[in-house]
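# An overview of the molecular structure
Each chain, written out:
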Amino acid sequence: MQRLFPIILLAFISNSALANTEILHWWTSPGEQAALHVLEQQLNDHNISYTPSAVIGGGGDTAMMVLQARALAGNAPDIVQLEGPNIKAWDDIGLLYSLNSIAKDEHWDEKFYPLSVNINKTSHGYVALPLSLHRLNWLWVNQRLLKRLQLSVPTNWTDMLEVMEKAKNAGVQPLALGARQWQVNQLFESIVIGTGGVDFYLSTLVDLDVKKINSAQMRYALNVFRRISKITGQTLPNMDWDTATKQLIDDKALFQIGGDWILGDLLAQQIAVPNHIGCYSAPSAVNSYLYNMDSLIFVKSKHFEHSTAINIAKALADKAFQTQFNRSKGSIPSRRDIAIDDFNDCQKKSYDDFHYAINNGLAIPSMTDSMAINPVAQQAINSEIYRFFRNSAVSDNDVITRIISIAESNE
Ligand code: BGC
């Protein structure tokens, strides 16, 4: 009996753990936690008990490593926050529950933007639920510091470099940026768009066209990136994106470049937006809308039944929930039938810019934030771009040669 006791106890613990639905995510900052709270509330209201499994790290790279390890061990979480082409990759190995029945009953094809539909449907139909649509090519500006320095918001990258230099010479930290690949590389995406245009971005960082990668235009973008690294210094502080946002909030840094989860953090900390911290399109964004989208996948397993997955998907596809969730998250809804009259002004701008971009072929998927290419090539290219930023001994030709060889082995 004594020997059996631990076994019985273990069985008891694992059974009670199984009663909860586990959600793996990387929403750990103040704004993300506020949005997660909305999600939790919605599940509570539907009598669904859940356990959040948070993995720190903007962009979700670490969360994806955890997912892989757990799936290999046969212990995948029930629900996972996932992005873009990764949805198809996980569906290809037959791991995902179909959401087709609920999607059909609730007319997801009409309720969601075609862009949301394309991302969340595979050849098996719906295998993921779209939650939010984020804009990435934003310039967040500390208005107090800008005013004190008597500078104006830069609208192209030449001005941006000049304004950053001036701020630095006046003793103000120009850019809130931490030593994280994902943060640094988002900056590069905006430089590629702003200096080369939307088609150039698409051909180089989405289609991986080697001729375009090996071009004077790409060398120019890398040169701007290198100049920024000289201004910020290559030894960046060891901080996550939300700590960088805190520098902006505390009037310690002039700019931050990055997605509108930054807005979620500003709102959660009651910062006056756009009066204290303003939102502007990244320099020379020329009406482009660089996006990523959060989705949820529902993983097949014995203890997580398809019917439970469908109930949860129904609760989280709900219009009122998706409204509240996105309002807190700083994003705009991935459903097309949500009015955003009571959202923040930056979200209203995002919404207008998104519609303009969609109608003019200017909505473009973020490579660094997992929306454009397969995860293996993405990881390899990202580490080359980051290495170039951190190490001035790496030349533009070195990084171009390496990206080309990744592109060629990806064909
Ligand atoms: C996710 C956002 C998240 C951000 C920072 C992005 O990849 O799409 O939901 O807020 O990473 O953690």
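What you see is a predicted model, and the numbers here were worked out from it, not measured in a lab.

## Quick look at the domain arrangement of the protein chain
Looking at the protein chain, the domain boundaries give domain 1 (2–134 + 292–359) and domain 2 (138–290 + 364–409). Placing the centre of domain 1 and that of domain 2 at their C-alpha centroids yields a distance of 28 Å. At the interface, 33 residues of domain 1 touch 28 residues of domain 2. Between domain 1 and domain 2, a total of about 2,500 Å² is buried, with carbon and sulfur atoms accounting for 61% of that surface. The largest contributions to the domain 1 side of the interface with domain 2 come from His134, Asn292 and Cys346, which together make up 21% of the buried area. Our enumeration of links across domain 1 and domain 2 arrives at zero salt bridges. Secondary structure elements with two or more residues in the side of domain 1 that touches domain 2: helix H2 (30–45), helix H4 (85–92), strand S6 (128–135), strand S11 (289–298), helix H17 (319–329) and helix H18 (345–359). Considering each element in turn, the side of domain 1 that touches domain 2 owes the most residues, nine residues, to H18. Looking at the side of domain 1 that touches domain 2 residue by residue, the classes come out as eleven nonpolar, 14 polar and eight charged.

## Comments concerning helix H9 (residues 157–169)
Taking 1.5 Å per residue as the helical rise, H9 with its 13 residues ought to reach 18 Å, and the 18 Å between its terminal C-alpha atoms agrees with that figure. Buried residues of H9: Trp157, Met160, Leu161, Val163, Met164 and Ala167, and no others. Across the axial projection of H9, the buried residues extend over an arc of 165°, all falling on one side. Facing away from the buried side of H9, by more than 90 degrees, are the exposed residues Thr158 and Asn169. In the core, the buried residues of H9 are packed alongside strand S7 (138–142), strand S8 (173–175), helix H10 (181–196), helix H13 (216–232) and strand S9 (253–257). Two or three places before Thr158, at the start of H9, stands the capping residue Asn156, its side-chain oxygen 3.1 Å from that residue's backbone nitrogen. Where H9 terminates, the next one or two residues include Gly171, which has phi positive at roughly 85°.

## Examining the site of the ligand
Within the structure, the ligand sits among 15 residues, and Glu32, Asn292, Asp294, Lys329 and Asp369 are positioned closest to it. Within the backbone of Gly59, one N or O atom sits 3.2 Å away from an oxygen atom of the ligand. Expressed as a share of its isolated accessible area of 310 Å², the protein-covered part of the ligand is 100%. Taken together, the residues of the shell around the ligand break down into five nonpolar, five polar and five charged.

## Focus: the pairing of strand S2 (residues 50–54)
Across five bridges, the pairing between strand S1 (residues 21–25) and S2 is parallel. Residue pairing in the sheet places Leu24 in a bridge with Ser53 of S2.

## Examining the sheet that holds S8
Taking strand neighbours across the sheet as the criterion, the four strands line up as S8-S9-S7-S10 in an open arrangement whose pairing is mixed. At either margin of the open sheet sits one strand with a lone partner, and together these are S8 and strand S10 (277–281). For this sheet, the mean inter-axis angle between neighbouring strands, taken without regard to orientation, is 20°. As paired elements, S7 and S10 share five bridges and run antiparallel to each other. Pairing of Asn142 across the sheet is with Ile277, part of S10.

## Brief notes about the pairing of strand S3 (residues 79–82)
Here S3 shows two buried faces, one formed by Ile79 and Gln81 and the other by Val80 and Leu82. Strand direction decides the pairing type here: S1 and S3, joined by two bridges, are parallel. Following the sheet pairing, Ile23 is matched in S3 by Ile79. Here S3 runs beside S11; their pairing, made up of four bridges, is antiparallel. Each bridged residue has a counterpart across the sheet, and for Ile79 the counterpart in S11 is Phe298.

## Describing the packing of aromatic side chains
Applying the stated criterion to the full structure yields twelve aromatic pairs. Summarising the aromatic geometry, the rings of Trp108 and Tyr126 are spaced 5.1 Å apart at their centres and angled 85° between planes, so their arrangement reads as edge-to-face. Taken together, the positions of Trp108 in helix H6 (residues 108–111) and Tyr126 in strand S5 (residues 125–126) put the pair 18 residues apart, joining distant regions of the chain. Here the two residues Trp108 and Tyr126 agree in accessibility, since each one is buried. In this structure an aromatic cluster arises from ring pairing among Phe188, Phe225, Phe388 and Phe389. Over the ring of Trp138 we find Arg135, and its NZ or CZ is 5.0 Å from the ring centre.

## Remarks on the nonpolar core
If you look at the biggest cluster of nonpolar residues, it comprises 110 residues, and the most contacted ones within it are Trp140, Leu187 and Phe255. When residues of this core are assigned to domains, at least three map to each of domain 1 (2–134 + 292–359) and domain 2 (138–290 + 364–409). Filtering out sequence-adjacent residues up to four positions away, Leu187 remains in contact with Trp157, Leu175, Leu177, Phe225, Ile228, Ile257 and Phe389. Counting residues in each nonpolar core, the second largest holds 31 residues, with Leu39, Tyr50, Tyr126 and Phe298 among its members.

## Here's the deal with the pattern of salt bridges
Going through the model one piece at a time under the given rule, you end up with 14 salt bridges. A salt bridge links Asp251 to Arg144, with the nearest nitrogen and oxygen atoms 2.9 Å apart. With Asp251 in the loop between helix H14 (241–249) and S9 and Arg144 in helix H8 (residues 143–148), this pair connects stretches of sequence that are 107 residues apart. Taking the relative accessible area as the measure of exposure, Arg144 reaches 47% and is therefore partly exposed. Between Arg335 and Asp337 there is a salt bridge; the shortest N-O distance is 2.7 Å. Arg335 sits in the buried class, given a relative accessible area of 8%. Within this structure, Arg135, Lys349 and Asp353 form a network of salt bridges that share partners.

What counts and how
- Residues numbered from 1 in each chain as written.
- Predicted model: local features only at pLDDT ≥ 70, side-chain atom pairs only at ≥ 80, totals over all residues.
- Heavy atoms only, no water.
- Domains from an automatic or database assignment.
- Contact = heavy atoms within 4.5 Å.
- Buried area = accessible area lost by both parts, 1.4 Å probe.
- Salt bridge = Lys/Arg side-chain N within 4 Å of Asp/Glu carboxyl O.
- Helix = DSSP H or I, 4+ residues; strand = E, 2+ residues; numbered from the N terminus.
- Nonpolar A, V, L, I, M, F, W, Y, C, P; charged D, E, K, R; others polar.
- Expected span 1.5 Å × (residues − 1).
- Buried < 20%, exposed > 50% of the residue type's maximum accessible area, 1.4 Å probe, protein only.
- Arc of directions from axis to C-beta.
- Polar contact = N/O pair within 3.5 Å; in protein donor to acceptor, adjacent residues only side chain to side chain.
- Near = heavy atom within 4 Å.
- Areas by Shrake-Rupley, 256 points an atom, 1.4 Å probe, with all protein chains shown as cover.
- Pairing = 2+ DSSP bridges.
- Axes fitted to C-alpha atoms, helices over the stretch in contact; angles between N-to-C directions.
- Phe/Tyr/Trp six-rings, centres within 6.5 Å; stacked < 30°, edge-to-face > 60°.
- Lys NZ or Arg CZ within 6 Å of the ring centre and 35° of its normal.
- Core = buried A, V, L, I, M, F, W, Y, C linked by side-chain atoms within 4.5 Å.

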